[in-house]
Amino acid sequence: MSTAELSAPPPQDCPGTSSEAAGKMDACAGCPNQRICASSPPQPAVDPDAAAIAERMLPVRHRVLVLSGKGGVGKSTVSSQLAWMLSRGGFDADPNAGDDAAGGDDDMDLDPDPEADAWDVGLVDIDITGPSAPRLLGAGAERLQRTASGLSPVFVSDTLFAVSVGFMLERSDDAVIWRGPKKNGLIKQFLRDVDYQPTDVLLVDTPPGTSDEHISIVQLLKQANEITAQHPEAAATHAGSKFGAVIVTTPQEVALADVRRELNFCRRVGLPVLGIIENMAGFVCPGCSINTDIFPATTGGARSLAQDFDVPFLGSIPIDPRVAKACDEGRPIADACPTSPATIAMRRIANKLKEVLES
């Protein structure tokens with residue numbers, strides 16, 4: 001549906017005339033176009049930049065959005081540490097052994113080859129107003145550079161690069177005060193203009209909720225995938241590639257309620273859910289190793305939620321103050337606390353995610 005067919009200009013909070021939620025959200029109440037939008041089937045227009053995005057995405061095998069229904073569940077921490085883990089490899093572990101929050105390092109051995117199983121990983125931070133990837137990766141002083149082939153991402157290591165609005169700010173504490181259209185424009189620029197190198201998995205750290213940024217990134221990547229699938233030569237290079245979401249939550253019901261909305265959002269927009277990660281699943285005392293539930297899972301936690309929605313449960317990560325310290329310092333927890341239950345749990349989750357992507 002084009003805006004020319006509407007009886008009045010769409011309001012500022014409009015979910016989009018091509019959205020499945022058009023005419024059905026609270027923001028639509030009182031809008032002159034509500035009946036028109038609600039009665040018309042959604043017809044997402046193909047973005048004019050979709051072909052350019054498809055070409056940029058050709059070197060990328062898997063695209064994974066990291067989502068959360070609410071803020072404060074540690075989504076950015078999980079995103080950055082997953083990126084570190086997947087990009088470094090070097091562990092030989094049974095991903096199905098001892099997957100409780102407390103973990104245990106009896107089945108987690110360092111591989112003789114520290115680069116074994118390492119993937120080429122990219123982390124794109126589209127949390128425009130709260131970019132944390134530069135600090136979490138220890139690259140706060142770096143900046144995106146423009147070259148003849150496009151924007152060059154910031155390489156944190158030989159196998160890990162990052163893209164974030166934080167790399168474009170003059171000062172790290174500068175506030176980004178943008179409305180939806182400008183934020184969506186920057187997301188499109190990250191997909192269309194960045195010179196992506198051959199990459200095994202591109203992790204996209206998103207803001208909380210189901211807002212403009214989420215709709216934009218899903219539509220742009222889905223349309224790019226459809227364009228790729230129409231070209232036999234390009235489709236052959238992407239055989240077996242996956243596009244989906246990983247959901248991060250904490251165990252308590254107030255967080256799970258928001259995650260249910262996130263899961264329903266994924267269903268509505270046709271975004272496959274690759275798995276759920278439960279963060280802050282108890283506190284393991286570094287001295288006595290006793291596990292204490294800080295956020296009680298009164299309704300069964302993320303494991304039960306995954307069963308209800310028939311999606312994979314990737315694992316639980318306990319609280320460890322050393323993880324927070326490592327993130328503040330921009331270090332991988334595998335270096336800061338290699339035998340921590342949180343590190344072991346994160347390693348198992350990385351292995352399970354690799355299995356899901358390669359299945």
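Reading guide: rules and limits
Residues numbered from 1 in each chain as written. Predicted model: local features only at pLDDT ≥ 70, side-chain atom pairs only at ≥ 80, totals over all residues. Heavy atoms only, no water. UniProt positions renumbered as here; feature names shortened; annotations may be inferred. Helix = DSSP H or I, 4+ residues; strand = E, 2+ residues; numbered from the N terminus. Buried < 20%, exposed > 50% of the residue type's maximum accessible area, 1.4 Å probe, protein only. Contact = heavy atoms within 4.5 Å. Areas by Shrake-Rupley, 256 points an atom, 1.4 Å probe, with all protein chains shown as cover. Pairing = 2+ DSSP bridges. Salt bridge = Lys/Arg side-chain N within 4 Å of Asp/Glu carboxyl O. Axes fitted to C-alpha atoms, helices over the stretch in contact; angles between N-to-C directions. Left-handed = near helix turned anticlockwise from the far one by under 90°. Nonpolar A, V, L, I, M, F, W, Y, C, P; charged D, E, K, R; others polar.

Named according to an unreviewed UniProt entry, the chain is Cytosolic Fe-S cluster assembly factor NUBP1 homolog originating from Fonticula alba. Under the Subcellular location (unreviewed entry) heading, UniProt states for the chain: "Cytoplasm". UniProt, in the comment section headed Function (unreviewed entry), describes the chain in these words: "Component of the cytosolic iron-sulfur (Fe/S) protein assembly (CIA) machinery. Required for maturation of extramitochondrial Fe-S proteins. The NUBP1-NUBP2 heterotetramer forms a Fe-S scaffold complex, mediating the de novo assembly of an Fe-S cluster and its transfer to target apoproteins."

(A) Focus on the overall build of the chain. From N to C terminus, the chain includes twelve helices and 13 strands. Relative to its full complement of 359 residues, the chain shows a buried share of 51%. In the chain, of all internal contacts separated by at least 6 residues, the share reaching a separation of at least 24 is 77%. Put simply, the chain shows about 16,300 Å² of open surface, and 51% of that area lies on carbon and sulfur atoms.

(B) Molecular detail of the pairing of strand β8 (residues 160–164). Burial runs high along β8: five of the five residues are buried. Across the two faces of β8 the burial is the same, with Leu160, Ala162 and Ser164 and Phe161 and Val163 all buried. Examined bridge by bridge, strand β4 (residues 121–125) and β8 share five bridges and lie parallel to one another. Bridge assignment links valine 124 to a residue of β8, and that residue is valine 163. Relative to β8, strand β7 (residues 154–157) is paired through three bridges, and the arrangement is antiparallel. By the bridge assignment for β8, phenylalanine 155 is matched with phenylalanine 161. In textbook terms, the turn of a hairpin is the stretch between consecutive antiparallel strands, and for β7 and β8 this stretch comprises two residues.

(C) Geometry of the UniProt feature "binding site: [4Fe-4S] cluster 2" (unreviewed entry) in the chain. Using the residue numbers shown here, the UniProt feature "binding site: [4Fe-4S] cluster 2" (unreviewed entry) corresponds to Cys285 and Cys288. Residue position: cysteine 285 is located in the loop between β11 (273–284) and β12 (291–292). On the basis of relative accessibility, which here comes to 24%, the residue cysteine 285 falls in the partly exposed class. Here cysteine 288 is to be found in the loop between β11 and β12. Taking the relative accessible area as the measure of exposure, cysteine 288 reaches 46% and is therefore partly exposed.

(D) Seen up close, the pattern of salt bridges. Under the counting rule described, the total for this entry stands at 17 salt bridges. Aspartate 47 is the partner of lysine 188 in a salt bridge, and the nearest nitrogen-oxygen pair spans 2.9 Å. On the criterion of sequence distance, the pair formed by lysine 188 in helix α5 (residues 180–193) and aspartate 47 in the loop between α1 (34–39) and α2 (50–57) is long-range, its members being 141 residues apart. Take lysine 188: its relative accessible area is 18%, and that puts it in the buried class. Here lysine 188 makes a salt bridge to aspartate 49, at a shortest N to O gap of 3.5 Å. With lysine 188 in helix α5 and aspartate 49 in the loop between α1 and α2, this pair connects stretches of sequence that are 139 residues apart. Via salt bridges that share partners, Asp47, Asp49, Lys188, Arg192 and Asp193 belong to a single interconnected network.

(E) Quick peek at the environment of alanine 336. You can see alanine 336 is positioned in helix α11 (residues 333–336). For alanine 336 and arginine 322, which are 14 residues apart along the polypeptide, the C-alpha to C-alpha distance reads 7.3 Å. Setting aside residues up to four positions removed in sequence, alanine 336 forms contacts with Ala326 and Arg331.

(F) Representation of the side chain of lysine 75 in the model. As for its position among the elements, lysine 75 is in helix α3 (residues 75–88). Taking the relative accessible area as the measure of exposure, lysine 75 reaches 6% and is therefore buried. Discounting residues that sit within four places of it in the chain, lysine 75 has contacts with Val66, Leu67, Ser68, Asp205, Thr206, Pro207, Pro208 and Val248.

(G) Just the packing of α5 against helix α6 (residues 212–229), in detail. Contact geometry for α5 and α6: axes closest at 10 Å, N-to-C directions at 35°. Seen from above, α5 lies across α6 with right-handed handedness. Taken together, the residues of α6 that come into contact with α5 (itself represented by Gly180, Lys183, Asn184, Ile187, Lys188 and Leu191) are Asp212, Glu213, Ser216, Ile217, Leu220 and Leu221. Here the residues of the contact of α5 with α6 are counted per class, giving five nonpolar, three polar and four charged.

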